[in-house]
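Structural description and commentary
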Amino acid sequence: TKKYKVEWFENNNFAAIGTPDNSQIQIVETNTPEKNWDLGKEEKNKITKWQWSNAYDPEIYYSTKNQLAVMNVSTKQKLLLGKNSFLDWHTDNRHIWSIQPSSSTKQLIVVRYTFGSNQKFLTLNDSNNENAYGTWHFIETTENQVLLKKYNQPEMLLAHQGVQYNFYGENFLNSPYNN
């Protein structure tokens, strides 16, 4: 059986339903379901990842092999954000977070982008793996913290205000009452 990804836009009546390979990503406006459309068909390149914005406007961020973009699902207006040179990315409150390799060291760098400026948030030193490229991905981000997990392993990392906490876990629950 196929596992479809279903995500609700938290500030309006939209949902996105994606196939496992992201070849189809149905955008559903629950107030007017006859206006459903497929983001996978709107974008001519294969979508590799997608995520709703948590801003007020119904925007969906997505990446292809070569680019990162955002689309307003009400107007179908696409804004190209830049080249996709990231190992992984995540968005929250109009910030874009990325994990990218350092070309001079064998480290990974977590960067937060905000309105054209960027801030190096964290450097990952992976003592267990000299080449850690592609092993970490985002679980959750907020204004000043990030939760990462290793692919196919129970290792997680929480970074907050310059302090890293490594621990083992498979699942997480983000409380809306935390800040």
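Here, every reference points to the structure presented above.
Residues numbered from 1 in each chain as written. Predicted model: local features only at pLDDT ≥ 70, side-chain atom pairs only at ≥ 80, totals over all residues. Heavy atoms only, no water.

Examining the pairing of strand β12 (residues 117-124)
Here strand β11 (residues 108-114) runs beside β12; their pairing, made up of 7 bridges, is antiparallel. Within the sheet, the bridge partner assigned to Thr114 lies in β12 and is Ser117. Linking β11 to β12, which pair antiparallel, is a turn of 2 residues; within it Phe115 sits at a positive phi near 45°. (Pairing = 2+ DSSP bridges. Helix = DSSP H or I, 4+ residues; strand = E, 2+ residues; numbered from the N terminus.)

A short note on the pattern of salt bridges
Summed over all chains, the structure comprises 6 salt bridges. Two residues, Lys78 and Glu43, come together in a salt bridge whose shortest N-O distance is 2.8 Å. With Lys78 in strand β8 (residues 77-83) and Glu43 in the loop between α1 (39-42) and β5 (47-52), this pair connects stretches of sequence that are 35 residues apart. Across the pair Asp88 and Lys49 runs a salt bridge, and its minimum N-O distance is 2.7 Å. Remark: Lys49 occurs in strand β5 and Asp88 occurs in strand β9 (residues 88-92); sequence separation between them is 39 residues. (Salt bridge = Lys/Arg side-chain N within 4 Å of Asp/Glu carboxyl O.)

Description of the sheet that holds strand β14 (residues 145-150)
Strand order in the open sheet made by the 4 strands is β13-β14-β15-β16, with antiparallel pairing throughout. Each of the sheet's edge strands pairs with one partner strand only, and the pair in question is β13 (136-142) and β16 (163-168). In this sheet, adjacent strand axes meet at a mean angle of 20° when their direction is disregarded. (Axes fitted to C-alpha atoms, helices over the stretch in contact; angles between N-to-C directions.)

Quick look at the environment of Ser63
Tracing the backbone shows Ser63 in strand β6 (residues 59-64). A C-alpha to C-alpha distance of 5.7 Å links Ser63 and Ile47, two positions 16 residues apart in sequence. When near neighbours in sequence (up to four residues on either side) are disregarded, Ser63 contacts Lys46, Ile47, Thr48, Lys49, Leu68, Asn84 and Trp89. Here the side chain of Ser63 touches Trp89 through a polar contact of 2.9 Å, side chain to side chain. (Contact = heavy atoms within 4.5 Å. Polar contact = N/O pair within 3.5 Å; in protein donor to acceptor, adjacent residues only side chain to side chain.)

Here's the deal with a nonpolar patch on the surface
A cluster of nonpolar side chains, contributed by Tyr4, Val6, Trp8 and Ile17, occupies part of the molecular surface with about 440 Å² of accessible area. Positionally, Trp8 belongs in strand β1 (residues 5-8). Trp8 gets classed as exposed once you look at its relative accessible area, which sits at 57%. (Patch = residues over 30% accessible without salt bridge, like charges linked within 9 Å, V, L, I, M, F, W, Y side chains within 5 Å. Areas by Shrake-Rupley, 256 points an atom, 1.4 Å probe, with all protein chains shown as cover. Buried < 20%, exposed > 50% of the residue type's maximum accessible area, 1.4 Å probe, protein only.)

Some remarks on the pairing of strand β7 (residues 67-72)
Along β7, 6 of the 6 residues are buried, which leaves the element largely enclosed by surrounding structure. Of the two faces of β7, the one lined by Gln67, Ala69 and Met71 and the one lined by Leu68, Val70 and Asn72 are each fully buried. Bridging between β6 and β7 involves 5 bridges; their strand directions are antiparallel. Opposite Ser63, over in β7, you have Leu68 as the bridge partner. Counted along the chain from β6 to the antiparallel partner β7, the turn is 2 residues long. The pairing of β7 with β8 spans 6 bridges and is classified as antiparallel. Bridge pairing links Asn72 to Gln77 in β8. Joining the antiparallel neighbours β7 and β8 is a turn of 4 residues, in which Lys76 adopts a positive phi near 60°.

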